[in-house]
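Architecture at a glance
Residue strings, one per chain:
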Amino acid sequence: MQPIRRYGLGAINWYTGQTLVITRKQKRRPEVAELLEALLQRHKDERIYVAWDNASTHQDEEIESVVRGAAGRLVLLSLPTYSPWLNPIEMVWRHFRREVTHCELFSSIEALLEATREFFDRYNRRPDGMRSIIGATHIPQKLCTCT
């Protein structure tokens, strides 16, 4: 019998420390497109920059369709291959595993999902803690371009 699995797909706002996480039975292109759509819904009037790796689930017509539909509000930035230390969400997943799942045996998949929700809800209530995890403790008030 195959184990029951759930996958977390998430994003973190570098400036605010707020996370957006969805859990699904699969982690394929439709689920990645769903995460991007959820980001667009959360930030209706803002331009969103998404830095991510070159996973095959990030390159597809479904993803391109979401980008086109966002009409310039969604900008995808590809990180170099094999560089997870550059991706803040990887730091969040590492911290999540240490705090929630390391050496834990959950009685059910529902208990695991509830622990996951509690972790992200707790950090969304105190985003400075999440910003500390990703190393975004000093964010300048204004960003400027120097020539």
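The following paragraphs examine the structure supplied in this document. This one's a predicted model, so the numbers in the text were calculated from it and none came from an experiment. The residue numbers shown here count from 1 along each chain, following its written sequence. Given that the model is predicted, a residue must reach a pLDDT of at least 70 before its local features are reported, and side-chain atom pairs must reach 80 or more before they are shown or counted; all residues, however, enter totals for whole chains, interfaces and linings. Note: side-chain values were computed over all heavy atoms of the structure, leaving out hydrogens and water.

1. Describing the overall build of the protein chain
For the record, the criterion: Secondary structure is summarised from DSSP: a helix means a run of H or I of at least four residues, a strand means a run of E of at least two, and numbering begins at the N terminus for each. The cut-offs for exposure are 20% and 50% of the maximum accessible area for each residue type, with area from a 1.4 Å probe on protein chains only; residues under the lower value are buried, those over the upper are exposed, and the others partly exposed. Working rule for contacts: check all heavy atoms of both residues, and any pair within 4.5 Å makes them a contact.
Within the protein chain one finds 5 helices and 4 strands. Ordered by position from N to C terminus, the α and β elements of the protein chain give β-β-α-β-α-β-α-α-α. Its C-alpha atoms give the protein chain principal-axis dimensions of about 55 × 35 × 30 Å. For the protein chain, buried positions account for 35% of its 147 residues. Intrachain contacts of the protein chain at a sequence separation of at least 6 include 59% that bridge at least 24 residues.

2. Focus on helix H5 (residues 127-134)
Each α-helix turn comprises 3.6 residues. Residues three or four places apart therefore point the same way. Where H5 is concerned, the buried positions are Gly129, Met130, Arg131, Ile133 and Ile134. Against strand S1 (7-12), strand S2 (19-24), helix H3 (88-101) and helix H4 (109-125) lie the buried residues of H5.

3. Things to note about the layout of surface pockets
Using the following cut-off: Of the grid points, spaced at 1 Å and generated over the protein atoms alone, those admitting a 1.4 Å probe that cannot get out make up cavities, while open sets with protein on both sides within 12 Å along at least five of seven lines make up pockets; any residue with an atom within 4 Å of a point is treated as lining. Grid points are joined across faces, edges and corners, and a volume is the space filled by probe spheres set on the points. Each residue is assigned to one class: nonpolar for Ala, Val, Leu, Ile, Met, Phe, Trp, Tyr, Cys and Pro, charged for Asp, Glu, Lys and Arg, and polar for all the others, Gly among them.
Looking at the second largest pocket, its volume works out to about 150 Å³. Lining the second largest pocket are Thr19, Leu20, Val21, Ile22, Thr23, Arg42, Leu113, Thr116, Arg117, Phe120, Asp121 and Asn124. Looking at the lining of the second largest pocket, the elements that each hand over two or more residues are S2 and H4. It is H4 that contributes the most residues to the lining of the second largest pocket, 6 residues altogether. Residues of the lining of the second largest pocket, tallied by class, amount to 5 nonpolar, 4 polar and 3 charged.

4. Some points on the packing of aromatic side chains
To be explicit about the condition: Each pair of aromatic rings taken from Phe, Tyr and Trp, with Trp reduced to its six-membered ring, is defined by centres within 6.5 Å and is described as stacked if the planes are under 30 degrees apart, edge-to-face if over 60, and tilted in the remaining cases.
Tallied over the full model, the rule gives 6 aromatic pairs. With 5.3 Å between their ring centres and 70 degrees between their planes, Phe96 and Phe119 make a pair best called edge-to-face. Here Phe96, found in helix H3, pairs with Phe119, found in helix H4; they are 23 residues apart in sequence, far enough to count as distant. Neither residue differs from the other here; Phe96 and Phe119 are each classed as buried. For the ring pair Phe119 and Tyr123, a centre distance of 4.9 Å and an interplane angle of 55 degrees mean the geometry is tilted. Residue Phe119 and its partner Tyr123 are located together in helix H4, separated by 4 residues, close to a single helical turn.

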